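Here is what each chain is made of, one letter per residue.
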Amino acid sequence: MKTIYHVQSGKYEKWELKKEGADQATKTFETKEEAYQFGREMCDENRPSELIVHQLNGDIEDKSLYNK
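Reading the values: rules and limits
- Residues numbered from 1 in each chain as written.
- Predicted model: local features only at pLDDT ≥ 70, side-chain atom pairs only at ≥ 80, totals over all residues.
- Heavy atoms only, no water.
- Helix = DSSP H or I, 4+ residues; strand = E, 2+ residues; numbered from the N terminus.
- Buried < 20%, exposed > 50% of the residue type's maximum accessible area, 1.4 Å probe, protein only.
- Contact = heavy atoms within 4.5 Å.
- Areas by Shrake-Rupley, 256 points an atom, 1.4 Å probe, with all protein chains shown as cover.
- Lys, Arg positive; Asp, Glu negative; His and termini not counted.
- Charge placed at Lys NZ, Arg CZ, Asp CG, Glu CD.

Side note on the overall build of the protein
Part 1: Of the regular secondary structure elements, the protein holds 1 helix and 5 strands.
Part 2: Across its three principal directions, the C-alpha atoms of the protein cover 35 × 20 × 20 Å.
Part 3: Considering the protein as a whole, with its 68 residues, one finds that 32% of them fall into the buried category.
Part 4: Sequence separation of 24 or more characterises 28% of the internal contacts of the protein that already satisfy a separation of 6 or more.
Part 5: A total of about 4,700 Å² of accessible surface is found on the protein, and carbon and sulfur atoms cover 44% of it.
Part 6: Taking the average place of the 11 positive charges on the side chains of the protein and the average place of its 14 negative ones, the gap between the two points comes to 5 Å.

Shown next, in the form of structure tokens:
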């Protein structure tokens, strides 16, 4: 089963990495780039997985698949 992570804007002008279906963020970051880099690491460790990066307004900016 594929694990899906989202890089999205969070509370208080922060960015977060959130596993799809989770109530809370896995981790919160000051910048989108930090959240993206951590998301790549999480996806690499938890293959098969997908990283979906959102814009500030919530629209999808990018998707990356991490297969076996």
